[in-house]
Amino acid sequence: MEYLQIEGGNRLRGEIRVSGMKNSALPVIFATVLIKDECIIENVPRVSDVFCALDILTSMGARVEWCEKHTVLIDTSWLCGEVKEYEKISKMRASSYLMGVLLARFDSVKIPMPGGCNFGGRPIEQHLKGFCLLGAECLENNGFVEICAKKHLKSTKITLDKISVGATINIVLASVLLDGVTTIDNCAIEPHVDDVICFLNRAGAKVIRKGRRIYCEGVSSLHGVKYRIFPDMIEALTYFTMLGATGGDITLTGVNYEHLSYSAIIFQSMGMCVDSYYDEVRLRAFDRLSGARVVTAPYPFFPTDLHPQFAAMLCFTKDGGEVREEIFPSRFAYISELERMGANITKSNNVARVLPSELYAASTYATDLRAGAALVVGALGASGQSTINNVNYIVRGYEDLTGKISSLGGKIKLLKGE
Ligand code: UD1
């Protein structure tokens, strides 16, 4: 088993390039199922969830070729509608997008219930509500979900009861090839939703998002396309939290600052200098930051995927602070792991209250992707040599974490244990 060894207490300095966004690369990869032609996707992050998604499509008959380090060609012309790789599907939340695309292409789909990170139940009733309103029949049975079109699916009006990234994207995927206009109200507006819409439109779809409403005018077919994935806002913001923990002067290149701006203002209010210029952002922090209180909420507000890393960073601030979690109420497993390093965090209902503390080295375990990233933030700021086990969670979503942190002067190694 691999583990990370981090010698903390070094200021970060230098420049790194932010990778493509995992949470839009995954639905774009699955969206190629709707296109019986070659698609070339650029800026694809080399993370294990992406490899897993490509393996799932390959096992169903897709042709997948890496043309360059971050460019992949996918041709699903000869895809069969039967899924294999049950284990991979059940471990990855984004495999839920197979529901929308297989329903659209083959009129029916049966997959294991999609899994994902370990922070509580991840219901899919909003996805199923959308498919049912389009005219499908949905059954959940023995850990599988089965969806089939009763007759032909029909465009309709759908209002989500809850803002959901996954349900929004899945309903768009299921409706791009239907006759007529499907509207989705109360949709998610995360950049990954727009990334998927841009991809589909470049392939010939007619999808428009206006605020929290999407109009999806069906087209008869989609064509091959060359498309570049948006930069990963959560990866970029994770490096903000690392800098907040260590201090220093770093530049992130290849970013879209608009996606970061709500959170960037919070870091600025804490005392970090944040300067953006075209697709770069320079971050400087020399004194301890002051504290902050944040509340997670759907985009454009503070992202739940930054909660654990931000809480870890608060340990190193002058005043501490709190994170109120409004999206995933059980996303607090990182607390007990940070406590091994001496963090002083108390949880009350859905709020983590963080007091400033001197963190020291410890042996810790990542419990999910972002909780793992929080331990990296903690270990970089702590004194001494920490280890982080269960690295498999972290490599699901952070490309070349050790290479990037090392190039910023952080002391980090990926080592093999027994
Ligand atoms: C995606 C991201 C995840 C991110 C989350 C919120 C991927 C692969 N994952 O997850 O990293 O944390 O968006 O930005 O892109 N909900 C329901 N019923 C549903 C669907 C969702 O109650 O049918 C609830 C969820 O439990 C959660 C909230 O809605 O409380 C938001 O979930 P959603 O936006 O769907 O998250 P995911 O798409 O699973």
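These numbers were taken from a predicted model, which means no experiment stands behind them.

Trainee: I'm lost on the domain arrangement of the protein chain in this one. Help?
Mentor: Quoted interface sizes are often the accessible area lost when the parts come together. Taken domain by domain, the protein chain holds domain 1 (2-18 + 231-416) and domain 2 (22-228). Spacing between the C-alpha centres of domain 1 and domain 2 amounts to 30 Å. At the junction of the two partners, domain 1 supplies 23 residues and domain 2 supplies 23 residues. Three residues stand out in domain 1 for area buried against domain 2, namely Tyr-299, Arg-396 and Glu-399, and they jointly supply 38% of the buried area on that side. At the junction of domain 1 and domain 2, the tally comes to one salt bridge. Taking the shortest distance from any N to any O, the salt bridge between Asp-49 and Arg-396 comes out at 3.0 Å. At the boundary of domain 1 with domain 2, the tally comes to nine residue pairs in polar contact (both at pLDDT 80 or more). Secondary-structure elements contributing two or more residues to the side of domain 1 that touches domain 2 are helix H12 (369-381) and helix H13 (391-394).

Trainee: Sorry if this is basic, but what is going on with the sheet that holds strand S23 (residues 411-416) here?
Mentor: The strands that make up a sheet are held in pairs by hydrogen bonds between backbone atoms, and each pair lies either parallel or antiparallel. Spatially, the four strands line up as an open sheet ordered S21-S22-S1-S23, and their pairing is mixed. Of all strands in the sheet, those with a lone pairing partner are strand S21 (363-365) and S23, marking the two edges. The sheet shows a mean angle of 25° between the axes of neighbouring strands, taken without regard to direction. Alignment of S21 against strand S22 (residues 385-389), held across three bridges, turns out to be parallel. Counted as the bridge partner of Ser-363 is Thr-387 from S22.

Trainee: I would appreciate a short explanation of unusual backbone geometry in the present structure.
Mentor: Backbone phi values are negative for most residues with the exception of glycine, while trans is the configuration of most peptide bonds. Residue Tyr-299 is joined to Pro-300 through a cis peptide bond whose omega torsion reads 15°. Residue placement: Pro-300 occurs in the loop between strand S17 (292-295) and helix H10 (307-314). Of note in the backbone geometry, Asn-43 takes a positive phi value of approximately 60° without being a glycine. Structurally, Asn-43 is set in the loop between strand S3 (38-42) and helix H2 (48-59). With phi around 45°, Asp-400 is a residue other than glycine that occupies positive phi space.

Trainee: Mind showing me how you'd approach the site of the ligand here?
Mentor: The environment of the ligand is made up of 18 residues, and the closest members are Gln-126, Ser-164, Val-165, Asp-305 and Ile-327. In the model, an oxygen atom of the ligand is placed 2.7 Å from a nitrogen or oxygen of the Gln-126 main chain. Relative to its unbound accessible area of 740 Å², the ligand is 90% covered by the protein chains. Secondary-structure elements contributing two or more residues to the shell around the ligand are helix H5 (125-133) and helix H6 (165-175).

Reading the values: rules and limits
- Residues numbered from 1 in each chain as written.
- Predicted model: local features only at pLDDT ≥ 70, side-chain atom pairs only at ≥ 80, totals over all residues.
- Heavy atoms only, no water.
- Domains from an automatic or database assignment.
- Contact = heavy atoms within 4.5 Å.
- Buried area = accessible area lost by both parts, 1.4 Å probe.
- Salt bridge = Lys/Arg side-chain N within 4 Å of Asp/Glu carboxyl O.
- Polar contact = N/O pair within 3.5 Å; in protein donor to acceptor, adjacent residues only side chain to side chain.
- Helix = DSSP H or I, 4+ residues; strand = E, 2+ residues; numbered from the N terminus.
- Pairing = 2+ DSSP bridges.
- Axes fitted to C-alpha atoms, helices over the stretch in contact; angles between N-to-C directions.
- Near = heavy atom within 4 Å.
- Areas by Shrake-Rupley, 256 points an atom, 1.4 Å probe, with all protein chains shown as cover.

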